[in-house]
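Next come the chains, spelled out residue by residue.
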Amino acid sequence: MLRGKAALVTGSTSGIGLGIARALAGQGCAVMLNGFGEPAEIETIRETLAQEHDVPVSYSDADLSQPDDIAALVAMTADQLGGLDILVNNAGIQHTAPVTDFPADIWEMIIAIMLTGAFHAIQHALPHMQEKGWGRIVNTSSVHGLVASVQKSAYVSAKHGIMGLTKTVALETAGQGITCNAINPGFVRTELVQAQIDDRAQKIGASVEEAARNMLSEKQPSLEFVTPEQIGALCVFLCSDAAAQITGVPIPIDGGWTAQ
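Throughout this description, residue numbers start from 1 for each chain and increase along the sequence as written. Per-residue local features are limited, in this predicted model, to residues with pLDDT of at least 70; the limit for side-chain atom pairs, both in listing and counting, is 80 or more; totals at the level of whole chains, interfaces and linings are taken over all residues. Just so you know, side-chain values use all the structure's heavy atoms and leave hydrogens and water out.

Draft legend 1. Quick peek at the overall build of the protein. Runs of H or I in DSSP of at least four residues are treated as helices and runs of E of at least two as strands, each being numbered from the N terminus. When its secondary structure is counted, the protein shows eight helices and seven strands. Taking 18 Å as the expected radius of gyration for a compact globule of 260 residues, we find that the protein reaches 18 Å, a close match to that expectation. Each principal axis of the C-alpha distribution contributes one length, and for the protein these read about 55 × 40 × 35 Å. A 1.4 Å probe rolled over the protein chains alone gives each residue an accessible area, and that area as a share of the maximum for its type sets the label: buried under 20%, exposed over 50%, partly exposed in between. For the protein, with 260 residues in total, the buried portion stands at 50%. Contacts between residues were defined by any pair of non-hydrogen atoms, one from each residue, lying within 4.5 Å. Within the protein, counting contacts between residues at least 6 apart in sequence, those at least 24 apart form 72% of the total. For accessible areas, the Shrake-Rupley method is used with a probe of radius 1.4 Å. Any residue's cover is judged against the shown protein chains and nothing else. Accessible surface computed for the protein: about 11,600 Å², of which carbon and sulfur atoms make up 53%. For this count, His and the chain ends are skipped, Lys and Arg are scored as positive, and Asp and Glu as negative. To locate a charge, take NZ of a lysine, CZ of an arginine, CG of an aspartate or CD of a glutamate. Placing the 14 positive and 27 negative side-chain charges of the protein at their respective mean positions leaves the two points 8 Å apart. A radius of gyration in this sense is built from C-alpha atoms; the matching globule rule multiplies 2.2 Å by the number of residues raised to 0.38.

Draft legend 2. The side chain of Thr 77, seen in detail. By the secondary structure assignment, Thr 77 is in helix H3 (residues 67-81). Its relative accessible area of 0% is what places Thr 77 among the buried residues. Reaching out from Thr 77, the side chain makes a polar contact with the backbone oxygen of Leu 73 at a distance of 2.9 Å. Apart from the residues within four sequence positions on either side, Thr 77 is in contact with Ala 7, Leu 8, Met 32, Gly 82, Gly 83 and Leu 84. Two N or O atoms count as a polar contact when they lie within 3.5 Å, although within protein this holds only if one can serve as hydrogen donor and the other as acceptor, and sequence-adjacent residues are included solely when both atoms are side-chain atoms.

Draft legend 3. Up close: the pairing of strand S6 (residues 178-185). Buried residues dominate S6, accounting for eight of its eight residues. Residues Ile 178, Cys 180, Ala 182 and Asn 184 line one face of S6 and the alternating positions Thr 179, Asn 181, Ile 183 and Pro 185 line the opposite face, and both faces are buried. A strand pair is defined by DSSP finding two or more bridges across the two strands. Here six bridges tie strand S5 (residues 135-140) to S6, and the two strands are oriented parallel to one another. Bridge pairing in S6 links Thr 140 to Ile 183. Crossovers are described as right-handed under a simple rule: with the strands pointing away from the observer, the path leading from the first strand over the helix to the second runs clockwise. This β-α-β element, S5 to helix H5 (residues 153-173) to S6, shows right-handed connectivity. Strand direction decides the pairing type here: S6 and strand S7 (residues 250-253), joined by four bridges, are parallel. The residue bridging Ala 182 from the neighbouring strand is Pro 250, located in S7.

Draft legend 4. Representation of helix H1 (residues 15-26). The span you would expect from a helix comes to 1.5 Å times its residue count less one. Taking 1.5 Å per residue, 12 residues should reach 16 Å; H1 reaches 17 Å between its end C-alpha atoms and fits that length. Burial within H1 is extensive, with nine of its 12 residues counted as buried. Looking one or two places after H1, you find Gly 28, whose phi comes out positive at around 90°.

Draft legend 5. How the structure looks around the packing of aromatic side chains. Stacked, tilted and edge-to-face are the three classes applied to pairs of Phe, Tyr and Trp rings, where Trp contributes its six-membered ring and a pair requires centres within 6.5 Å; stacked means planes under 30 degrees apart, edge-to-face means over 60, and tilted covers the rest. One pass over the structure, following the stated rule, counts one aromatic pair. Here Phe 187 and Trp 257 contribute two aromatic rings whose centre-to-centre distance is 4.8 Å and whose plane-to-plane angle is 45°, an arrangement assigned as tilted. With a gap of 70 residues between them, Phe 187 in the loop between S6 and helix H6 (191-204) and Trp 257 in the segment after S7 connect regions that are remote in the sequence. Each member of the pair, Phe 187 together with Trp 257, is buried. Any Lys NZ or Arg CZ that is within 6 Å of a ring centre and within 35 degrees of that ring's normal is treated as a charge sitting over the ring. The ring centre of Trp 134 lies 3.9 Å from the NZ or CZ of Lys 5, which sits over that ring.

Draft legend 6. A look at empty space enclosed by the protein. Buriedness of a pocket was judged along seven lines, with at least five required to meet protein on both sides within 12 Å; pockets are open sets of points on a 1 Å grid over the protein atoms alone, cavities are sets where a 1.4 Å probe fits but cannot get out, and lining residues have an atom within 4 Å of a point. Grid points are joined across faces, edges and corners, and a volume is the space filled by probe spheres set on the points. In the structure shown here, the tally under the stated rule is one cavity of 30 Å³ or more. Empty space within the largest cavity amounts to approximately 80 Å³. Only helix H4 (104-132) and H5 provide two or more residues apiece to the lining of the largest cavity. The biggest single contributor to the lining of the largest cavity is H4, with four residues. Here the lining of the largest cavity is built from residues that sort into six nonpolar, five polar and one charged. Gly is put with the polar residues, along with every residue not named as nonpolar or charged; the nonpolar set is Ala, Val, Leu, Ile, Met, Phe, Trp, Tyr, Cys and Pro, and the charged set is Asp, Glu, Lys and Arg.

As structure tokens, then:
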């Protein structure tokens, strides 16, 4: 369905981003991976994606907290993949602490990567899409772009900010063949969430699996984690012609979290 398209997926060397990259490659899309990790492992991921799906796959370790790196990343994507049709802003980090104790430097870093970084990526990617009269921007937000939780002030603020950016870009590109939407996952068992589960297990004196179920029971009525594969499939749909008139909206995929 996406053969001939080129996608940049930030934060795609693991977790949700990798699930999205795999789903796009599976539809014939060329992919630029981005993120941090062990170089040999990343190269294995890149080679596997390229070989399994017979698509070009490149990689950049651009730092999403640095505007110059983002500009270079977009230019590299267009140069190596022959254009930029799909942008998925997915890179993210987490830190939990009460507002009174939240480190100012970590606040700045979270906002820089998750909100300001997305702005710069969109700003540089849009001209490529406008030139072709077609584009898809998908921002990985969170249920925390719609509701809040304690001790996550920077993360919640960044994700709420992404929702405002999504709506504004959608309005500015309406009628240009470009859409901009947000995916809002609930709990996904990524490394970020696993760290929270491990911490909870230690605090309540439970097994890791008991702590995971305890966490789900507080927020996610389905009592099941959302998977990266499910999020990838949703992203593919948003990139399809069927979703051409879906723009500027949050799409929760959260096991009923925000229905409460």
